[in-house]
Amino acid sequence: MNEDFIIALDQGTTSTRSILFDVEGNIVKISQKKLTQYYPKSGWVEHDPLEIIQHQRETLENLFTETDIHPNQVKAIGITNQRETTVVWDKNTGKPIYNAIVWLDNRSKSYCEELKNKGLENYVQENTGLVIDAYFSATKLHWILNNVLGAKEKAAAGDLLFGTIDSWLIYNLTEDKKHVTDHSNASRTMLYNCKELQWDAHLLNQFGVPKSMLPVVQTSSSNFGNVVVKGVSIPIYGVGGDQQAALFGHGGFKPGIAKNTYGTGCFMLLNTGEKFVSLKNGLLTTIACSLPDEPINYALEGSIFIGGASIQWLRNKLQIINEATETEAICNSIPPLEDVYVVPAFAGLGAPYWDAKAKGAIYGLTLDTGKAEIIKGTLDALAYQTKDVLLAMQKEEGIELKKLQVDGGASANNYLMQFQADILNVPVEKPKMIEVTALGAAFLAGLKAGVWKKEDINKLNKTETTYLPNMDEELRVKKYSGWLDAVERTRVDY
Ligand code: ADP
């Protein structure tokens, strides 16, 4: 019996987890803690950085108290994390000077408008691949420097450090307090020049960020320092932002591979190879997880804000379902010709529309429309939105997608996955184990540790179900044009 193991630390928006994988990629143990969410004002979202560290340590140690496995059997640790979330700490005390400002937090949106008015948009787009938005770290960091008493002065004196959650974890977990990050996380800060692969001096200047605050950027599969667990020193050999780690876990280190994660939102990433293309069509360009001695690969990213969240809306607000899992049987019970469109623009529309003013709407109601049709329309919208993003990507890249690989909570829904294949006219492949994000982080670490080779990903992430397209072309066109029409109507200013 082979007794090597790899650990993934998965620090997400709502929970902190440690996951133990065996060399076959099976999950042996998961330890998890719920993370407290702070909403100090409307639109503000914060986490306590010290709670994150405490939970990460506890869950890591639980893996060894709740199994017979000893830390010296663990070859390496990989980290995957909620992206963009920003922490600033004092390097003399190691203590954060403010809570972590979470990616969802939009307190800096009016500052973003100022930046756009200053004409910074093109520069940001062409050098970072991003749009100017409160979502990314740069304006959150600017807020902390300008609103926490004494922060600016301390930063100028070289006493403060900045990091996304990966950096914060590594700084606290490693023996020699390493201040590092990886390419995939750096590319989400809006401070990293993704063409030149270095922190962007012009943007640092714009945001008033001293270079001394920034972590060293490393290859995603490299040595990030050692963590001591029960007296055993284990190396961190992998780091990847959650969406890029999921792409990696799907084997997306090759151009042309795309994945879609159906969680609260939906995030589609497509590996576009070695060429940096700056954003068009409402898509972001980002750096995929990087490998030693290999050129950087870029990915196009389409972010859909409301995915599984609309299923939660059916349950919590409309109260027409008790559980998300009920929706599959309900949808299968409706004849396919009934078309009700639910446009879930509850938080505006993300990619490829980026229409912050759009509001949700339901179209196609008749006297015989019941709750089942509304449920089905809500599920279908996840698939239609995915098609919108995919078409935008294909237009940019001129490539034809051969298959879509999926993961995330709502990918458990067989109706949705079949409808996705039908509406895209592309096979949809779902792995047996849908924890692909954690697997991606473990895989980055396992590669460096020599436990796995790149070609092993197909053995580790086995496709369990393939959904083949099975819809008439005429019906597909009719349904999708009905969706586009509904979106168009939603975007009309009332
Ligand atoms: P996150 O990582 O964003 O918290 P998850 O990947 O855990 O999200 O997925 C949870 C989401 O998936 C929820 O929004 C839930 O409504 C949705 N979901 C879970 N199971 C199903 C199902 N069987 N059918 C449809 N949606 C589902």
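These notes cover the structure that comes with them.

Rules of the game
Residues numbered from 1 in each chain as written. Predicted model: local features only at pLDDT ≥ 70, side-chain atom pairs only at ≥ 80, totals over all residues. Heavy atoms only, no water. Helix = DSSP H or I, 4+ residues; strand = E, 2+ residues; numbered from the N terminus. Buried < 20%, exposed > 50% of the residue type's maximum accessible area, 1.4 Å probe, protein only. Contact = heavy atoms within 4.5 Å. Areas by Shrake-Rupley, 256 points an atom, 1.4 Å probe, with all protein chains shown as cover. Lys, Arg positive; Asp, Glu negative; His and termini not counted. Charge placed at Lys NZ, Arg CZ, Asp CG, Glu CD. Near = heavy atom within 4 Å. Polar contact = N/O pair within 3.5 Å; in protein donor to acceptor, adjacent residues only side chain to side chain. Phe/Tyr/Trp six-rings, centres within 6.5 Å; stacked < 30°, edge-to-face > 60°. Core = buried A, V, L, I, M, F, W, Y, C linked by side-chain atoms within 4.5 Å. Pairing = 2+ DSSP bridges. Salt bridge = Lys/Arg side-chain N within 4 Å of Asp/Glu carboxyl O. 1 Å grid on protein atoms, 1.4 Å probe; cavity = no way out; pocket = protein on both sides within 12 Å on 5 of 7 lines; lining within 4 Å. Points joined across faces, edges and corners; volume = space filled by probe spheres on them. Nonpolar A, V, L, I, M, F, W, Y, C, P; charged D, E, K, R; others polar. Axes fitted to C-alpha atoms, helices over the stretch in contact; angles between N-to-C directions. Parallel < 35°, antiparallel > 145°, perpendicular 65-115°, else oblique.

## Details of the overall build of the protein chain
Along the backbone of the protein chain there are 16 helices and 23 strands. Viewed in the frame of its principal axes, the protein chain has a C-alpha envelope of about 70 × 60 × 40 Å. A total of 494 residues make up the protein chain; the buried ones form 60% of that total. Restricting to contacts in the protein chain with at least 6 residues of sequence separation, those with at least 24 account for 72%. Here the protein chain displays about 19,800 Å² of accessible surface, and carbon together with sulfur accounts for 49% of that area. Put simply, the protein chain has 49 plus and 59 minus side-chain charges, and the middle of one group is 3 Å from the middle of the other.

## Some points on the site of the ligand
Taken together, 13 residues lie around the ligand, and T264, G308, Q312, G409 and N413 are the ones closest in. One nitrogen or oxygen atom from the side chain of Q312 is found 2.7 Å from an oxygen atom belonging to the ligand. Contact distances for the ligand include 2.8 Å between an oxygen atom and a backbone N or O atom of G409. For the ligand, whose free accessible area comes to 580 Å², the fraction covered by protein is 68%.

## Digging into the packing of aromatic side chains
Applying the stated criterion across every chain yields a total of 19 aromatic pairs. Seen from their ring centres, Y135 and F136 are 4.8 Å apart, and the 40 degrees between their planes marks the pair as tilted. On the basis of relative accessibility, which here comes to 9%, the residue Y135 falls in the buried class. We classify F136 as buried; its relative accessible area is 1%. An aromatic cluster is defined as three or more aromatic residues linked by ring pairs; in this entry it consists of Y341, Y384, Y415, F419, Y480 and W483.

## What to know about the nonpolar core
Ranked by internal contacts, the top residues of the largest apolar core, which has 54 residues, are Y262, V343, L404, L416 and W483. Ranked by residue count, the leading element in this core is helix 12 (residues 371-397), at 11 residues. The next biggest cluster of nonpolar side chains, apart from the first, holds 42 residues, and it includes L115, I132, V209 and L284.

## What to know about the pairing of strand 15 (residues 258-262)
Burial within strand 15 is extensive, with 5 of its 5 residues counted as buried. Side chains A258, N260 and Y262 project from strand 15 onto one buried face, and the interleaved K259 and T261 project onto a second face that is buried too. By the bridge criterion, 5 bridges tie strand 15 to strand 16 (residues 266-273) in an arrangement that is antiparallel. Across the sheet, N260 pairs through a bridge with M268, a residue of strand 16. Hairpin connection, strand 15 to strand 16: the antiparallel pair is bridged by 3 residues. Pairing geometry for strand 15 and strand 21 (residues 404-407), over 3 bridges, is parallel. Each bridged residue has a counterpart across the sheet, and for T261 the counterpart in strand 21 is D407.

## Looking at the pairing of strand 3 (residues 27-34)
Note that strand 2 (residues 15-22) and strand 3 share 7 bridges and pair antiparallel. Bridge assignment links S15 to a residue of strand 3, and that residue is K34. Count of turn residues in the strand 2/strand 3 antiparallel hairpin: 4 residues, of which G25 carries a positive phi of about 85 degrees.

## Let's talk about the pattern of salt bridges
Opposite charge on two side chains permits them to pair, given that their charged atoms come into close proximity. Using the criterion set out here, one finds 23 salt bridges in the structure. Two residues, K33 and E58, come together in a salt bridge whose shortest N-O distance is 2.8 Å. Within this pair, whereas K33 is found in strand 3, its partner E58 is found in helix 1 (residues 49-65), the two being separated by 25 residues in sequence. Taking the relative accessible area as the measure of exposure, E58 reaches 27% and is therefore partly exposed. Note that R107 and E46 form a salt bridge whose closest N and O atoms lie 2.8 Å from each other. Of this pair, R107 sits in the loop between strand 7 (100-101) and helix 2 (109-117) while E46 sits in strand 4 (residues 46-47); the two residues are 61 residues apart in sequence, bridging distant segments of the chain. As far as the burial class goes, R107 and E46 line up, both buried. Overlapping salt bridges bring together R83, E84, R188, D242 and E301 as one network.

## Quick look at empty space enclosed by the protein
This model, assessed by the stated rule, comprises 4 cavities of 30 Å³ or more. Reported here for the largest cavity is a volume of approximately 50 Å³. In this structure, the largest cavity is lined by I304, L349, G350, A351, P352, Y353, Q385, D388 and W483. The class makeup of the residues in the lining of the largest cavity is 6 nonpolar, 2 polar and 1 charged.

## Describing the environment of P427
Secondary-structure assignment places P427 in the loop between helix 13 (414-424) and strand 22 (428-431). Given a relative accessible area of 23%, P427 falls into the partly exposed group. Aside from chain neighbours lying at most four places away, what touches P427 is K402, K403, L404, T466, Y467, L468 and P469.

## Thoughts on the packing of helix 9 (residues 242-249) against helix 14 (residues 436-449)
The contact between helix 9 and helix 14 brings their axes to 7 Å, and the two run at 75 degrees. Viewed along their axes, helix 9 and helix 14 adopt a mutual orientation that is roughly perpendicular. Contact residues: helix 9 offers D242, A245, A246, F248 and G249, while helix 14 offers V436, T437, L439, G440, A441, F443, L444 and L447. Its residues assigned to classes, the contact of helix 9 with helix 14 shows 9 nonpolar, 3 polar and 1 charged.

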